[in-house]
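Structural characterization, general
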Amino acid sequence: MSAKVFLKDAMALWLSIHSRFLSWAKRRHGHRRMRARWTTVRILSIKGADDRETVARRVAYLRKIDPWVFEELVLDAFQRRGWTVVRNHSYTGDGGLDGRVYADGVWCGVQCKRYKGDVPLSMITRFARDLRREGLTRGFFIHTGRMTRAALDNTPQGVVILSPVDLVRWVGK
């Protein structure tokens, strides 16, 4: 077998595997986007005795959902507001930007974090570093936890923090 034939066969095999992976990844993204839409409807159906209890129950529910569904839910909320949203081709796990939005003539990074406890300042500074690495000057850090006074006082310039209460009200609009 000549080297040319071998390379051609190897390339054909690689393309076949790669296209199957991309197809699977798109289906997985689509499935999570569908679950995010269902989750938004579910969140809006959660009610409490008063407004405060309703928000508390909705935040508790958000803390329990799949982290990638949470990302999709947040990006969908940006899209419903008419902002241009660019989703990543694959989920980042813990690190990197979760997406980008075009707001007020500027591209902004988005970072989504599900926390039950305090959000460490290190997460916010890492997000600011990721923004700079990607050439962005603004970003939205969206979380379900609690912000410490140190984190609030030392939030890097250009980072907008969306609290769980703000997030619940924002998703509902």
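Residues numbered from 1 in each chain as written. Predicted model: local features only at pLDDT ≥ 70, side-chain atom pairs only at ≥ 80, totals over all residues. Heavy atoms only, no water.

This part covers the nonpolar core. Among the nonpolar cores identified, the biggest contains 26 residues, and Leu62, Phe70, Val74, Phe78, Val110, Ile142 and Leu167 are the most heavily contacted of them. Secondary structure elements with two or more residues in this core: α1 (3–45), α2 (51–62), α3 (67–80), β2 (99–103), β3 (106–113), β5 (138–143) and α6 (164–171). Here leucine 167 is in contact with Leu62, Phe70, Val74, Ile142, His143, Thr144 and Leu162, once residues within four sequence places are set aside. With 14 residues, the next largest nonpolar core counts Leu97, Phe127, Ala128 and Ile161 among its residues. (Core = buried A, V, L, I, M, F, W, Y, C linked by side-chain atoms within 4.5 Å. Buried < 20%, exposed > 50% of the residue type's maximum accessible area, 1.4 Å probe, protein only. Helix = DSSP H or I, 4+ residues; strand = E, 2+ residues; numbered from the N terminus. Contact = heavy atoms within 4.5 Å.)

Moving on, we get to a nonpolar patch on the surface. On the surface, Val86, Tyr102 and Trp107 cluster together into a nonpolar patch covering about 250 Å² of accessible area. In this structure tryptophan 107 comes out as partly exposed when scored by relative accessible area, which is 34%. (Patch = residues over 30% accessible without salt bridge, like charges linked within 9 Å, V, L, I, M, F, W, Y side chains within 5 Å. Areas by Shrake-Rupley, 256 points an atom, 1.4 Å probe, with all protein chains shown as cover. Salt bridge = Lys/Arg side-chain N within 4 Å of Asp/Glu carboxyl O.)

The subject of this paragraph is α2. The terminal C-alpha atoms of α2, which comprises twelve residues, lie 17 Å apart, in line with the 16 Å expected from a rise of 1.5 Å per residue. Of all the positions in α2, only Thr54, Val55, Arg58, Val59 and Leu62 are classed as buried. Along the axis of α2, the buried positions cluster into a sector of 130°, meaning they face one direction only. (Expected span 1.5 Å × (residues − 1). Arc of directions from axis to C-beta.)

This structure, assessed with the given rule, holds six aromatic pairs. Residues phenylalanine 78 and tryptophan 83 carry aromatic rings whose centres are separated by 5.1 Å and whose planes lie at 45° to one another, so their mutual orientation is tilted. The class for phenylalanine 78 is buried, based on a relative accessible area of 1%. Here phenylalanine 127 and phenylalanine 141 contribute two aromatic rings whose centre-to-centre distance is 5.9 Å and whose plane-to-plane angle is 55°, an arrangement assigned as tilted. On the criterion of sequence distance, the pair formed by phenylalanine 127 in helix α4 (residues 121–133) and phenylalanine 141 in strand β5 is long-range, its members being 14 residues apart. As far as burial versus exposure is concerned, phenylalanine 127 and phenylalanine 141 are alike and both buried. (Phe/Tyr/Trp six-rings, centres within 6.5 Å; stacked < 30°, edge-to-face > 60°.)

In short, shape yes, function no, at least from these values alone.
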